[in-house]
Amino acid sequence: LILLVVCFVGKGNMHRSCEGGAFVYVSLGGINRICEDEGLELDCRRNVQRWRMSRGGGRCRMDCMGSASTGMDKVTTCEEQSRLWPRVYQTWEWKGWKVNFRVEKPETMDWDQDRPTVLAIHAFGASVNHWRKNISEWSDAGYEVYAMDLLGFGASEKAVVPYSAELWRDQIVDFIEEMSHSPRQDWILVGNSIGSLLCLMAASFYRRTEALQHRIRSLVLINCAGGLFPVRYSELSPPLAVLLFVFKSILFNPVVGPWFFDSFRSKKNIEEVCRQVYVDQSQVTEELVNILHEPSCDPGASKVYLRVMTAPCGPKPRELLETIPGLPILLIWGDKDPWTPLAGGLHAGNSFPEIHQETELMVLPDTGHCPHDECPGVVNELVLSWLGRHRKVPEGP
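Conventions and cut-offs
- Residues numbered from 1 in each chain as written.
- Predicted model: local features only at pLDDT ≥ 70, side-chain atom pairs only at ≥ 80, totals over all residues.
- Heavy atoms only, no water.
- Helix = DSSP H or I, 4+ residues; strand = E, 2+ residues; numbered from the N terminus.
- Buried < 20%, exposed > 50% of the residue type's maximum accessible area, 1.4 Å probe, protein only.
- Contact = heavy atoms within 4.5 Å.
- Phe/Tyr/Trp six-rings, centres within 6.5 Å; stacked < 30°, edge-to-face > 60°.
- Lys NZ or Arg CZ within 6 Å of the ring centre and 35° of its normal.
- Axes fitted to C-alpha atoms, helices over the stretch in contact; angles between N-to-C directions.
- Parallel < 35°, antiparallel > 145°, perpendicular 65-115°, else oblique.
- Left-handed = near helix turned anticlockwise from the far one by under 90°.
- Nonpolar A, V, L, I, M, F, W, Y, C, P; charged D, E, K, R; others polar.

Let's hear about the overall build of the protein chain: which residues, and what values?
A tally of helices and strands in the protein chain yields 15 helices and 12 strands. A buried classification covers 56% of the 397 residues belonging to the protein chain. For the protein chain, the proportion of contacts with a sequence separation of at least 24, taken over those separated by at least 6, is 73%.

The following block contains the structure:
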């Protein structure tokens, strides 16, 4: 599968200075370039290393280095570290299925209609714990933050249903309506990879629903995927389309599929895949591998995987962007992503601002497919700055 992705999608890099507030370069070794009109102040070294995990002597250490290190170093045993991230948080019943979600908000804060609520949507095969380095940071800044496991992933029920992007879009929309405190409440959606595509789909749905057009205030898309599968038959030449059909028919059928899934979900393979999409190899930790591996051991996980891999790709990002004119979008992209390239490929990240004028593209150099996990300090600063800019301005007397 990885070879297929690499062959069909390819890699892309972009080198461009910050112009008119649209592009920002952030260096992992310090501040490389920022847009002055954005007012961003990023100490990349402090924020990245704050989350860097190292192993030594059978113990796990969270290193909080730089000016933020005073009194923050925390040492736990590996067993204790694994318990910091439970799989199940709260359960929401949706259409008879159990959906896992996590919510955090400041204890002293009541719902504030001027302050948007945040909902984070994970990527393929991930879960709410892939946002473990982000949720508390956003909540501590004064925001109510939700993260939800898509049906079939994480600790949500492994339902045997026809999976599709539309199914998960409906899950997101229904969750927002269920959790909203008021008809006037609005949300900012944050997604990674396929999660970003689903955020676009939810925003497009709300834009077409007149009574709820206000519900989505803005989007934060992190390395947005072009579909549930890397390519569509229609995007390939006839010979390659036939090859893809044969490939999927062999690997994802009911006979071979379970065997392939058992091989694919091994911890060793998960680690190897992560090392392909994380530039900073130190971020590929045992903790990360366990977070991705554990849900694959749930009963029914194999059937979910095979159904998702043979599901329709869903709408293209371009098609969705054209349906939400005027909606502000923060687009964060790691420029060394081999799966969803910044430049080149079928759905290049640097094409989004050309399609949607209200898109601001923030490029993180030497970063891969999951910047929120690989470089959380930088992403958290960008997201919090964005959230602050998109609070409602109180009306005058």
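That was the structure; now back to the text.
Can you break down the packing of aromatic side chains residue by residue, with the values?
In total, this model carries 14 aromatic pairs according to the counting rule given. With a centroid separation of 6.2 Å and 55 degrees between ring planes, the pair formed by Phe124 and Tyr305 is classed as tilted. Highlighted residues: Phe124 in the loop between strand S7 (117–121) and helix H4 (135–140) and Tyr305 in helix H11 (residues 301–309), separated in sequence by 181 residues. We classify Phe124 as partly exposed; its relative accessible area is 28%. For the ring pair Tyr163 and Trp168, a centre distance of 5.9 Å and an interplane angle of 50 degrees mean the geometry is tilted. Since its relative accessible area comes to 1%, Trp168 is described here as buried. The ring of Tyr143 is capped by Arg115, whose NZ or CZ atom sits 4.8 Å from the centre of that ring.

Let's hear about the packing of helix H9 (residues 267–277) against helix H10 (residues 286–293): which residues, and what values?
Closest axis-to-axis distance for the H9/H10 pair is 10 Å, and the angle between their directions is 115 degrees. Taken together, the axis directions place H9 and H10 in an arrangement best described as roughly perpendicular. Both H9 and H10 take part in a crossing whose hand is right-handed. Counted together, Lys267, Ile270, Glu271 and Cys274 of H9 and Leu288, Val289, Asn290, Leu292 and His293 of H10 form the full contact between these two elements. Among the residues making up the contact of H9 with H10, the classes are represented as 5 nonpolar, 2 polar and 2 charged.

Please set out the environment of Glu286 residue by residue, giving values where relevant.
When you line up the elements, Glu286 lands in helix H10. When the C-alpha positions of Glu286 and Lys267 are compared, they lie 9.1 Å apart, and in sequence the two are 19 residues distant.

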